[in-house]
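# A closer look at the structure
So the chains spell out like this:
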Amino acid sequence: MIGVFDSGHGGLTVFRALARRFPRVPFVYFGDHRNVPYGNRPSDEIVALTRDGVDALFRRGCRLVLLGCNTATCVAARTLQKDWLPVSGWTGRNILGIVAPTVEAATQTPWAVTAPQYPQRYNTDVIAVFGTTRTIASHAYPEEIRKRCPKVTVVQQTCAELVGAIERGAPEDELDRLVAHDVTALLAQTGGTPPHRAILGCTHFPLVEPLFRRHLPPFTRLLSQPEVVADSLEDYLQRHPRFLGEAADAARSPILLTSGEPARIGRVARIFWADAPAFDHVPH
Ligand code: DGL
């Protein structure tokens, strides 16, 4: 079984793409709705909450857990992979994040390659990153991109209000105003130079991708994180088939777990995934 952990609903955009891409692989999603949002929390809290979420998914029988959340990945993934997992008592398990596949797609460089692959003189692209306060403050995206492409300019923009507005089902004109504000603020940083690529570095943002498309310059390429992550997981599972477990003969219904109230979660979940199955409660 493969687990996907997120602070709440946002990871459903990634989870839905994975469930569609691998219909016979058993997936379980855990949204920490009791503690959402993570985006403005102190780092040590994000690490502790993410660790407990991963632990809950391991206890549920997952051997592989994907952090389907940019904030949790940027702040907690490395600490959990390097410091916690080896002493956790869980053997033969692994934790993946969603920054690595996104950086691979943005730089066209494998994650394992942590230095420029060829002379970078001509690779002077501008890459935009939109994310939560904590994702942007972590500098994970600029650091990882510049290791591989040192001449690339990475411009970051915090989208402080967008997650909350999407979760409360704000009307399109309000969402449009927020996206326009964030894109304008980003373009002010580039001095008007259109970014070559834009990373929507928050799992909520695929839901407002058409609004980003509308306000970004026409030739800025948007990286769609759910598809990028599904491509990357496909590649990973080909190289590590032991994490696939027993693929069923027929399509499986994915399991959704929440630390919140299932009755209250369902309505918002359908903003993210119209035909999402019902959530079950687990303590967290
Ligand atoms: N899922 C989170 C992300 O991708 C955003 C939601 C939150 O702040 O908890 O960054």
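Structural notes, computed from the coordinates. (Residues numbered from 1 in each chain as written. Predicted model: local features only at pLDDT ≥ 70, side-chain atom pairs only at ≥ 80, totals over all residues. Heavy atoms only, no water.)

## A look at the packing of helix α4 (residues 99-107) against helix α6 (residues 140-148)
For the pair α4 and α6, interaxial distance at closest approach is 10 Å and the crossing angle is 45 degrees. By the angle class used here, α4 and α6 are oblique. Once α4 is placed against α6, the crossing between them reads as right-handed. On the side of α4, the interface is formed by Val99, Thr102, Val103 and Thr107, while α6 contributes Tyr141, Glu144, Ile145 and Arg148. The residue inventory of the contact of α4 with α6, partitioned by class, reads four nonpolar, two polar and two charged. (Axes fitted to C-alpha atoms, helices over the stretch in contact; angles between N-to-C directions. Helix = DSSP H or I, 4+ residues; strand = E, 2+ residues; numbered from the N terminus. Parallel < 35°, antiparallel > 145°, perpendicular 65-115°, else oblique. Left-handed = near helix turned anticlockwise from the far one by under 90°. Contact = heavy atoms within 4.5 Å. Nonpolar A, V, L, I, M, F, W, Y, C, P; charged D, E, K, R; others polar.)

## Focus on unusual backbone geometry
With an omega of 0 degrees, the peptide bond running from Val36 to Pro37 counts as cis. Looking at the secondary structure, you find Pro37 in the loop between β2 (27-31) and α2 (43-59). Look at His139: it is not a glycine, yet its phi comes out positive at around 60 degrees. The exposure class assigned to His139 is partly exposed, which follows from its relative accessible area of 40%. (Buried < 20%, exposed > 50% of the residue type's maximum accessible area, 1.4 Å probe, protein only.)

## A closer look at the site of the ligand
If you check the shell around the ligand, you find 14 residues, and the closest are Ser7, Tyr38, Gly39, Thr71 and Thr203. One of the side-chain N or O atoms of Asp6 is found 3.0 Å from a nitrogen atom in the ligand. The separation between an oxygen atom of the ligand and a polar main-chain atom of Gly39 is 2.8 Å. With the chains in place, 99% of the 300 Å² that the ligand exposes on its own is no longer accessible. The residue inventory of the shell around the ligand, partitioned by class, reads six nonpolar, seven polar and one charged. (Near = heavy atom within 4 Å. Polar contact = N/O pair within 3.5 Å; in protein donor to acceptor, adjacent residues only side chain to side chain. Areas by Shrake-Rupley, 256 points an atom, 1.4 Å probe, with all protein chains shown as cover.)

## Some thoughts on the pattern of salt bridges
Applying the stated criterion across every chain yields a total of 14 salt bridges. A salt bridge links Glu174 to Arg168; the shortest N-O distance between them is 2.9 Å. Where salt bridges share partners, they join Arg21, Glu227, Asp231 and Glu234 into one cluster. (Salt bridge = Lys/Arg side-chain N within 4 Å of Asp/Glu carboxyl O.)

## Focus: the sheet that holds strand β3 (residues 64-67)
Spatially, the six strands line up as an open sheet ordered β4-β3-β1-β2-β9-β10, and their pairing is parallel. The sheet is open, and its two borders are formed by β4 (94-96) and β10 (279-281), each paired with just one other strand. Strand after strand, the sheet turns through a mean of 25 degrees between neighbouring axes, direction not considered. Examined bridge by bridge, strand β1 (residues 2-6) and β3 share four bridges and lie parallel to one another. The residue bridging Val4 from the neighbouring strand is Leu66, located in β3. Sitting on the sheet, helix α1 (residues 12-21) touches β1, β2, β3, β9 (255-258) and β10, and the angle it makes with β2 is about 175 degrees. Packed onto the sheet, helix α3 (residues 70-84) meets β3 and β4 and runs at close to 160 degrees relative to β4. (Pairing = 2+ DSSP bridges.)

## Some points on the pairing of β9
As paired strands, β2 and β9 are joined by four bridges and run parallel to one another. Looking across to β9, one finds that Gly31 is bridged to Thr258. Both β9 and β10 contribute to a ladder of three bridges, which runs parallel. Its bridge partner being in β10, Thr258 is matched across the sheet by His281.

## Concerning the environment of Val87
By the element assignment, Val87 lies in the loop between α3 and β4. Exposure remark for Val87: the relative accessible area of 68% places this residue in the exposed category.

## Focus: the sheet that holds strand β7 (residues 197-200)
In spatial order, the strands read β6-β5-β7-β8; together these four strands make up an open sheet with parallel pairing. Edge strands, defined here as strands with exactly one partner in the open sheet, are β6 (153-158) and β8 (221-223). Sheet twist, expressed as the average angle between the axes of neighbouring strands with direction ignored, equals 20 degrees. Helix-sheet contacts for helix α8 (residues 172-190) involve β5 (126-131) and β6, and the interaxial angle to β6 is about 145 degrees.

## A look at the packing of α2 against α3
Two measures define how a pair of helices packs: the angle their axes make with one another and the distance between the axes. Two elements in contact, α2 and α3, have axes separated by 9 Å at closest approach and are oriented at 65 degrees. Taken as axis vectors, α2 and α3 run roughly perpendicular relative to one another. Here α2 and α3 pass one another in a crossing that is right-handed. On the side of α2, the interface is formed by Ser43, Ile46, Val47, Thr50, Arg51, Val54, Asp55 and Phe58, while α3 contributes Thr71, Ala72, Val75, Ala76, Thr79, Leu80 and Trp84. Tallied by class, residues from the contact of α2 with α3 come to nine nonpolar, four polar and two charged.

## Here we look at the environment of Tyr38
Note that Tyr38 resides in the loop between β2 and α2. For the pair Tyr38 and Ala274, spaced 236 residues apart in the sequence, the C-alpha separation amounts to 24 Å.

The values reported here are purely geometric and, on their own, carry no functional implication.
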